[in-house]
Amino acid sequence: MLCVAKFRVMRAQILCDPGRESSFLTQITPVLLAGGSGTRLWPLSRKSYPKQFTKLVGDQSLFQASACRLSGPDYAEPVVITGSDFRFIATEQLRAEGIENGTVLIEPEGRNTAPAVLAAALWLEARDPDGLMLVAPSDHIIPSSAEFAAAVQMGKDAAIDGNLVTFGIAPNRPETAYGYLELTADPSEAKGPIPLARFVEKPDRETAQAMLDSGNYLWNGGIFLFSVKGILDAFHTHAPQLVDQVRTAVEKTQPDLDFFRIDPEAWKAVEDISIDYAVMEKADNLVVVPFNGGWSDLGDWDSVSREMGSDGDGNAVHGSATAVDCANSLLRAEDDGVELVGLGLKDVMVVSTRDAVLVADKSRAQDVKKVVDQLKQKDAKQATEFPWDQRPWGMFETLALGDRFQVKRIVVKPGGILSLQSHHHRAEHWIVVAGTAKVTINDDVKLLSENESVYIPLGAVHRMENPGKVPMVLIEVQTGSYLGEDDIVRLEDVYDRGQGAKG
């Protein structure tokens, strides 16, 4: 209703001021960057399910909150850029928010922000060459959508005129984890976009304090607004080699169900570079819209704890966690089966999941990425994978794993259908504990209800699906010499995933 009310107010303003009509009628296409891994928020954020898709703060994932913030009468359907493993997660989370027609471009592998933004611009050039695009990371939090919408409107005319618009965040502390924007004028008196003087790399604390005191610096939030033509002109001027590389990859894009796969071979030749280095730091037509409405990139656990709020002793507590005689600490329990208790802690952060626990001094929040690197070196699965896994048909989690056996809990959404498949190395037992399962084993098709079970011999062609209107839950017991997810031979799949663990 808020978007409808705002639309009516703006339409009334147009009727009184016809000169604003062209700006109002120019829709903005949101471009959501959703390919990051968020390793500084381990163990909650991992490569298999990164932070943008999790509910870090509030009832929505960060990705959902970003998509909703950039929806309404001013916006076209979004273009989402993400990895192959997250394509079904992205569309499912968009549908849950009533966003049905967004475009999902699948990056074969991460190449940083410049190629991703350029790919979206080239995609839009063929579909809306005169349009605007708003590029935003999908893992940031902006509490006030209304204030951000006003900031976008402030920058819209400048973008239509061919300028590259970025949004600078009003700093409230001497932050050393962010880059800064130096402005040519005092942002507190701004009535519109301000020309940029220079970009400033992440400073030390003394420099950050001096910039905060000067009042002429804003945080670089990495959010941009520009016309399709404006950003393509900038790439042609400042990074022409990148244009040729990315154009080749985009022109060879192939449809895959409702997704679009950027050509993997051409993408391999694309330079790995950020949009700041490739274009923004070289452009002479970059302007800044100051934004005072609150923002965080939720880049580490310290920033998450600030957004969570705290008790009288400065403790941020979440889930089944209890703080006893603690001060300025974060206690976050992500599994209801784990009771987390902190006793006598000060300036400590503790995050527990079902299979991993992080305990660290809060001053080391930025170094959690080093923990993940160390876990990778010792081949710990917890570095990148959860004990549960999302699939387009639902999810599964590993309950027990031993030598030659594994026990899983599988949840299939209403209408969900697993692939018709076989295994070389394992047999399976299925026990339905909720709902109804339609089971295919070779030429035999049967319905199983609660408390009924079936055995799938080694090598048998099989499938399960949920024909009902409520989630179907079953327990799967695997036995065999190899139990890896890549021991799946897909013979038929409604999700067209191909072979491999996820396809």
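Residues numbered from 1 in each chain as written. Predicted model: local features only at pLDDT ≥ 70, side-chain atom pairs only at ≥ 80, totals over all residues. Heavy atoms only, no water.

The chain is annotated in an unreviewed UniProt entry as mannose-1-phosphate guanylyltransferase from Roseovarius aestuarii. Quoted straight from UniProt, the Sequence similarities (unreviewed entry) entry for the chain says "Belongs to the mannose-6-phosphate isomerase type 2 family." Check the Catalytic activity (unreviewed entry) section of the UniProt entry for the chain; it says "alpha-D-mannose 1-phosphate + GTP + H(+) = GDP-alpha-D-mannose + diphosphate". (UniProt positions renumbered as here; feature names shortened; annotations may be inferred.)

Caption draft 1: Up close: a nonpolar patch on the surface. There is a patch of nonpolar side chains on the surface, built from Val324, Val341 and Leu343 and spanning about 270 Å² of accessible area. Along the chain, Val324 turns up in strand S13 (residues 321-324). (Patch = residues over 30% accessible without salt bridge, like charges linked within 9 Å, V, L, I, M, F, W, Y side chains within 5 Å. Areas by Shrake-Rupley, 256 points an atom, 1.4 Å probe, with all protein chains shown as cover. Salt bridge = Lys/Arg side-chain N within 4 Å of Asp/Glu carboxyl O. Helix = DSSP H or I, 4+ residues; strand = E, 2+ residues; numbered from the N terminus.)

Caption draft 2: Local environment of the layout of surface pockets. The volume enclosed by the second largest pocket comes to roughly 700 Å³. Lining of the second largest pocket is provided by 26 residues; of these, Leu44, Tyr49, Thr54, Lys55 and Trp388 occupy positions nearest its centre. Elements with a contribution of two residues or more to the lining of the second largest pocket: helix H4 (87-96), strand S14 (330-333) and strand S18 (388-391). If one sorts the elements of the lining of the second largest pocket by residue count, H4 sits on top with four residues. (1 Å grid on protein atoms, 1.4 Å probe; cavity = no way out; pocket = protein on both sides within 12 Å on 5 of 7 lines; lining within 4 Å. Points joined across faces, edges and corners; volume = space filled by probe spheres on them.)

Caption draft 3: Fine view of the UniProt feature "domain: Mannose-6-phosphate isomerase type II C-terminal" (unreviewed entry) in the chain. Per the UniProt record, "domain: Mannose-6-phosphate isomerase type II C-terminal" (unreviewed entry) is annotated on residues 390-493. In residues 390-493, the share of helix is 0% and the share of strand is 60%. The end C-alpha atoms are 16 Å apart.

Caption draft 4: Representation of the confidence of the model for the chain. Summing up the model confidence of the chain, the mean pLDDT is 92 and the portion of residues at 70 or higher is 94%. Low pLDDT, under 50, characterises residues 1-22; the stretch is placed with 16 contacts to residues that sit more than four places away or in other chains. (pLDDT = per-residue confidence, 0-100. Contact = heavy atoms within 4.5 Å.)

Caption draft 5: Inspection of the pairing of strand S7 (residues 194-200) at higher detail. Sheet topology note: the strand S6 (residues 180-183)/S7 ladder contains four bridges and is antiparallel. Within S7, the residue paired with Leu181 across the bridge is Phe199. Two elements, S7 and strand S11 (residues 286-291), share two bridges in a ladder whose sense is antiparallel. Residue pairing for S11: Pro195 is matched across the bridge by Val287. (Pairing = 2+ DSSP bridges.)

Caption draft 6: Main features of the nonpolar core. Leu134, Phe167 and Leu225 are the most contacted members of the largest nonpolar core, which totals 64 residues. Here this core gets five residues from one element, more than from any other, and that element is helix H6 (residues 145-160). The residues that make up this core include at least three from each of domain 1 (25-291) and domain 3 (388-492). The residues contacting Leu134, other than those within four sequence positions of it, are Ile28, Thr29, Pro30, Val31, Leu70, Tyr75, Phe148, Val152, Phe167, Ile223, Phe224 and Leu225. Within the second largest apolar cluster, 49 residues are counted, among which are Ile81, Phe226, Leu242 and Ile273. (Core = buried A, V, L, I, M, F, W, Y, C linked by side-chain atoms within 4.5 Å. Buried < 20%, exposed > 50% of the residue type's maximum accessible area, 1.4 Å probe, protein only. Domains from an automatic or database assignment.)

Caption draft 7: Up close: the pattern of salt bridges. Taken as a whole and assessed by the stated rule, the structure comprises 25 salt bridges. Lys51 is the salt-bridge partner of Asp139, the closest N and O atoms lying 3.5 Å from each other. Note that Asp139 is positioned in the loop between strand S4 (132-137) and H6 and Lys51 in the loop between strand S1 (28-33) and helix H3 (62-69), a separation of 88 residues in sequence. There is no split in this pair, since Asp139 and Lys51 are both buried. Here Asp233 makes a salt bridge to Lys229, at a shortest N to O gap of 2.9 Å. Taken together, the residues span about one helical turn, with Asp233 and Lys229 both in helix H8 (residues 228-238) at a distance of four residues. On the basis of relative accessible area, Lys229 is assigned to the exposed category, the value being 54%. Salt bridges linked by common partners bring Arg173, Glu175, Asp302, Arg306 and Lys362 together as one network.

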